[in-house]
Amino acid sequence: MIDLRSDTLTKPTESMIQAITHAELGDDGRTNENGKGEDPTVNKLENLAASITGHEDALFCNSGTMANIIALLIHCKRGDKVILDKYSHIFQSEKSLFDEQYFGLTANFYETNDSGLPLKESIKSNVSENDVKLIALENSIAYQGGTCISTQQMNSICKLAEKLKIPVHLDGARIFNVAGSFNLPVKHFTARADSVQICLSKALGAPVGSVLCGSKSFIKHARGIRKKLGGGMRQAGIIAAAGVIALTKGTKQMNIDNQNAYYLAEGIMNNKAINLNIETVQTNIIIFDVSPSGLSAKVFATQLAEEGLHVRPINESKIRIIVYREIDRAVIIEAIEIINKITNFN
Ligand SMILES: *Cc1c(COP(=O)(O)O)cnc(C)c1O
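This text gives an overview of the structure that appears in the document.

Thresholds applied
- Residues numbered from 1 in each chain as written.
- Predicted model: local features only at pLDDT ≥ 70, side-chain atom pairs only at ≥ 80, totals over all residues.
- Heavy atoms only, no water.
- Helix = DSSP H or I, 4+ residues; strand = E, 2+ residues; numbered from the N terminus.
- Expected span 1.5 Å × (residues − 1).
- Buried < 20%, exposed > 50% of the residue type's maximum accessible area, 1.4 Å probe, protein only.
- Polar contact = N/O pair within 3.5 Å; in protein donor to acceptor, adjacent residues only side chain to side chain.
- Salt bridge = Lys/Arg side-chain N within 4 Å of Asp/Glu carboxyl O.
- Patch = residues over 30% accessible without salt bridge, like charges linked within 9 Å, V, L, I, M, F, W, Y side chains within 5 Å.
- Areas by Shrake-Rupley, 256 points an atom, 1.4 Å probe, with all protein chains shown as cover.
- Lys, Arg positive; Asp, Glu negative; His and termini not counted.
- Charge placed at Lys NZ, Arg CZ, Asp CG, Glu CD.
- 1 Å grid on protein atoms, 1.4 Å probe; cavity = no way out; pocket = protein on both sides within 12 Å on 5 of 7 lines; lining within 4 Å.
- Points joined across faces, edges and corners; volume = space filled by probe spheres on them.
- Nonpolar A, V, L, I, M, F, W, Y, C, P; charged D, E, K, R; others polar.
- Near = heavy atom within 4 Å.
- Axes fitted to C-alpha atoms, helices over the stretch in contact; angles between N-to-C directions.
- Parallel < 35°, antiparallel > 145°, perpendicular 65-115°, else oblique.
- Left-handed = near helix turned anticlockwise from the far one by under 90°.
- Contact = heavy atoms within 4.5 Å.
- Core = buried A, V, L, I, M, F, W, Y, C linked by side-chain atoms within 4.5 Å.
- Pairing = 2+ DSSP bridges.

1. Digging into helix α2 (residues 40–53)
Between its terminal C-alpha atoms α2 stretches 20 Å, which fits the 20 Å expected from 14 residues at 1.5 Å a residue. Among all positions in α2, only Thr41, Val42, Asn43, Leu45, Glu46, Ala49, Ala50, Ile52 and Thr53 are buried. Two or three places before threonine 41, at the start of α2, stands the capping residue aspartate 39, its side-chain oxygen 2.9 Å from that residue's backbone nitrogen. Trailing α2 by a residue or two, glycine 54 shows a phi angle of about 75 degrees, which is positive.

2. A closer look at the pattern of salt bridges
Tallied over the full model, the rule gives 13 salt bridges. Measuring nitrogen to oxygen at the nearest pair gives 3.5 Å for the salt bridge that ties aspartate 80 to lysine 77. Note on aspartate 80: relative accessible area 10%, which makes it buried. Notably, a salt bridge pairs lysine 133 with aspartate 131, separated by 3.1 Å at the nearest N-O pair. Salt bridges sharing common partners tie together Lys36, Glu46, Asp57 and Arg223.

3. Comments concerning a positive patch on the surface
Residues Lys120, Lys124, Lys159 and Lys163 make up a contiguous surface patch of positive charge. Sorting the residues of the positive patch by element identifies α5 (120–130) and α6 (151–164) as the ones contributing at least two each. Structurally, lysine 120 is set in helix α5.

4. Digging into the layout of surface pockets
Volume-wise, the largest pocket comes out at about 450 Å³. Lining of the largest pocket is provided by 16 residues; of these, Tyr143, Gln144, Ile287, Ile314 and Lys318 occupy positions nearest its centre. Classifying every residue of the lining of the largest pocket gives six nonpolar, seven polar and three charged.

5. Some words on the site of the ligand
Close to the ligand lie 13 residues, the nearest being Gly64, Thr65, Asp171, Arg174 and Lys202. Between the ligand and threonine 65 there is a distance of 2.6 Å, counted from an oxygen atom to a side-chain nitrogen or oxygen. Aspartate 171 is positioned such that a nitrogen or oxygen atom in its side chain is 2.6 Å from a nitrogen atom of the ligand. Look at the ligand: alone it shows 380 Å² of surface, and the protein chains cover 85% of it. Elements that contribute at least two residues to the shell around the ligand include exactly α3 (64–75) and β7 (195–199). Taken together, the residues of the shell around the ligand sort by class into two nonpolar, six polar and five charged.

6. Considerations on the packing of α2 against helix α10 (residues 237–249)
For any two helices packed against each other, the geometry is given by the interaxial angle and the distance between the axes. At their nearest, the axes of α2 and α10 sit 8 Å apart, and the two run at 30 degrees to each other. Accordingly, the angle class assigned to the pair α2 and α10 is roughly parallel. The chirality of how α2 crosses α10 is left-handed. Between α2, through Thr41, Val42, Lys44, Leu45, Leu48, Ala49 and Ile52, and α10, the contact on the second element is made entirely by Gly237, Ala240, Ala241, Gly243, Val244, Leu247 and Thr248. For the contact of α2 with α10, the class distribution of residues is nine nonpolar, four polar and one charged.

7. A short note on α3
Compared with an ideal rise of 1.5 Å per residue, which puts twelve residues at 16 Å, α3 spans 17 Å between its outermost C-alpha atoms and is within 8% of the ideal. Across the twelve residues of α3, ten count as buried, placing the element largely inside the fold. Three or more residues of α3 are buried, namely Gly64, Met66, Ala67, Asn68, Ile69, Ile70, Ala71, Leu72, Ile74 and His75.

8. Brief notes about the nonpolar core
Core analysis: the biggest nonpolar cluster contains 52 residues, and Phe60, Ile135, Leu137, Phe176, Val211 and Leu247 have the highest contact counts within it. Ranked by residues supplied to this core, first place goes to α10 with seven residues. By size, the runner-up hydrophobic cluster in this structure holds 33 residues, among which are Ala273, Ile274, Ile321 and Ile338.

9. Structural notes on the packing of α5 against α6
Following both chains from N to C, one finds α5 and α6 inclined at 15 degrees, their axes separated by 10 Å at the closest point. One finds that α5 runs roughly parallel with respect to α6. In this structure, α5 crosses over α6, and the sense of that crossing is right-handed. Facing α5, whose interface residues are Lys120, Ile123, Lys124 and Val127, α6 presents Ser156, Ile157, Leu160 and Leu164. Classifying every residue of the contact of α5 with α6 gives five nonpolar, one polar and two charged.

10. Notes on the sheet that holds strand β3 (residues 81–84)
Strand pairing within a sheet occurs via backbone hydrogen bonds; the two strands may be parallel or antiparallel. Judged by pairing direction, the sheet is mixed, and its seven strands sit side by side in the order β2-β8-β7-β6-β5-β3-β4 without closing on themselves. A strand with exactly one partner marks an edge of an open sheet, and here the two such strands are β2 (57–61) and β4 (106–109). The average undirected angle you get between the axes of adjacent strands in this sheet is 25 degrees. Strand direction decides the pairing type here: β3 and β4, joined by four bridges, are parallel.

This is the structure we're talking about:
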C-alpha cells in the first residue's frame, strides 16, 4: 500500500533513533534562573529553532495545535477578533480557539486569491473596520495545495500590521517546504512575524512535536500557558533529540519532496478524470478535483485504495496527496500509474 495521506506518516530515521538513545536528559518542567527548563536537549532544540526562525527564544510543544493555541491565547483574550483564512488549519481543525465553551475567540476572514494567498487590501479594510486584534497567517497553505506566501508578501503584510499596531502569528507547520521551494533561509519567512510555530513531525520527520518561537517575554508567557494546558513534559529530551536531527538534517529532504510532488502532479495533470492546477503545486502537497470523473472524492479515494494507493478526500470533490521522505521517485511513478488507471470513462 502506498500511503499519501500526510507527511505526518514519516518514521524516525536511524540518526534520530541514535540521538534519542544518547540524549542528555533533565526535568524540563523545572526552570533555571534564566527561565529555561532543566532538560539540556530540549534547550538545544529550542535555541536551534529560535536561531533558524530569527527569534529570541522558543518553546518545545507537544503539537502544532498546542503551539497555535498558546500563541493565540497570548495575543488575544476571550471575545477578541482574529483575522485568518477560512480554510486555515487553525480555523478548520483547531476549533477550541473559536468555541465559546473553550477559548471563545471570534474569527474574521480575509479574502484570498485563487491560490489561497491572503489579499492585503482585505486584511487592511477588515482590521480597521472590525477592531481585529491579531492577523494569523499560514505558510505553506495546507488546504490550498501547499501554496506559498513569498517573503515580499510576508514583509508587506507585517509592515501593514506594524502600522495598524497589531501582531502577526504565523502557522509555519510546513515553512521548511516553503523555504526549500524558494531556496531561501527559513528566517526570511518567519523573522518578521511576532510569533511562529513550526512542526517537527511533518516532512521534517521527527516523531513528535512543534516549536513556538517569539521574543523572550512572549516565550516566558507561553511556558506558563503550556503548563496550564497540561503541556509540560519532563525528560522531553527523549523526543526533542529527534527534533534536533529534524532541524539539522531533515531540511535537505524538502527540495526532494517538493520536486517529487511536482513530478507526480505533472504525471496526472492530463488525466481527463481530474482537474489539477499545476501552479498550485509549489511544495509537497497536491490537491485535485475529481468532478470530471463523475465520482465523489470519497468514491474516487476508495477506488484508488483498491488499487493500492491511500489518499485523503478533503471535501465532496477534492483529494489531497502529500509527499514525504519514504515516498521516493519509484513510488511516485507507481502512484501516477494507479491514479491514471481511473479515467472519466468508467
Ligand atoms: C499539522 C498542522 C498543524 C498542527 O500540528 P499537529 O502537530 O498535528 O497538532 C497546524 N497547522 C498546519 C497547517 C498543519 O498542517
